[in-house]
Amino acid sequence: MARRRATVPRSTGTLLVCLLAIGMLAVSLLSTHWTYDYTSGRKTPDGGLHDPDNTGIEREHVEFSPFRVEGDVEPTNPAAAKQYADLLGYALVGALALFALAALAEVPGLGFLPRWSRLTLIPLGSLAAAAAAAIVWFLIPATMEGHGVDGPFAAHLRGDGDGYIRTSLQAGWIAVTAASGVSLGAILLRYQAGSDEAEQFL
């Protein structure tokens, strides 16, 4: 007698992937997404003796996180910077809520949502996560344009040649981008599970 191989139901797989996405989105919501750093050149008096520890180097640092802009220098457009940080936070909260509903709908015995809505929640959550990643990539760096920033990644001398600029994407952005990618697997599992469920009524 042939032994049947145990398999994980696709709805269970969808639940696990949703929980993974929720974890990544939670990390993203609590983490920094993008940073700006500036370091000037040495500024010591010409000639004569001076304190070797008094280099005169100036440093600037700004962090963009969901709902927060923190640092020791003001963005070129402070209002837009705060608006984009808020939009980033709202997009992440929306994605979390959608994936949480999708996960609850997959719990065996609950099934409190109709099939068509369960097929919609995960794609909407994925779009919200992708929107959060896009805000960081395309919109937030533009608010620091007056400080020599020209994109999400920068590592070069400032335009006046006095000092070095470095910008980088941080753990929050990596987490939300990973969540958006993982959610594609949840979409495929959910649609396939939906097909299996429909076949039960044929």
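Just above sits the structure.
Reference entry: report on the structure contained in this document. As the structure is a prediction and not an experimental result, all values here were calculated from the model.

Definitions and limits used
Residues numbered from 1 in each chain as written. Predicted model: local features only at pLDDT ≥ 70, side-chain atom pairs only at ≥ 80, totals over all residues. Heavy atoms only, no water. Salt bridge = Lys/Arg side-chain N within 4 Å of Asp/Glu carboxyl O. Buried < 20%, exposed > 50% of the residue type's maximum accessible area, 1.4 Å probe, protein only. Helix = DSSP H or I, 4+ residues; strand = E, 2+ residues; numbered from the N terminus. Polar contact = N/O pair within 3.5 Å; in protein donor to acceptor, adjacent residues only side chain to side chain. Contact = heavy atoms within 4.5 Å. Pairing = 2+ DSSP bridges.

**Describing the pattern of salt bridges**
- Applying the stated criterion across every chain, the model contains two salt bridges.
- In this structure, the salt-bridge partner of Glu70 is Arg68, at a minimum N-O distance of 3.8 Å.
- A relative accessible area of 34% means that Arg68 is categorised as partly exposed.
- Between Asp86 and Lys82 there is a salt bridge, with the nearest N and O atoms lying 2.6 Å from each other. Separated by four residues within a single helix, Asp86 and Lys82 lie in helix α2 (residues 78-106), roughly one turn from each other.
- Asp86 gets classed as buried once you look at its relative accessible area, which sits at 18%.

**Let's talk about the side chain of His147**
- Relative to the elements of secondary structure, His147 occurs in the loop between α3 (115-139) and β4 (154-157).
- Within the structure, His147 has its side chain in polar contact with the backbone oxygen of Glu74 (distance 2.9 Å).
- Among all residues touching His147, those that are not within four sequence positions of it are Tyr36, Glu60, Val73, Glu74, Pro75, Thr76, Arg158 and Ile165.

**Let's talk about the side chain of Thr143**
- Note that Thr143 resides in the loop between α3 and β4.
- Classification of Thr143 as buried rests on a relative accessible area of 2%.
- Excluding residues that lie within four positions of it along the chain, Thr143 makes contacts with Phe64, Pro75, Thr76, Asn77, Ala80, Ala81 and Tyr84.

**What to know about the pairing of β4**
- Where β4 and strand β5 (residues 164-169) come together, four bridges link them in antiparallel fashion. For Ala155, the partnering residue across the bridge sits in β5 and is Arg166.
- Hairpin connection from β4 to β5: six residues lie between these consecutive antiparallel strands, with Gly161 at a positive phi of about 80 degrees.

Shape descriptors only; they carry no functional weight alone.
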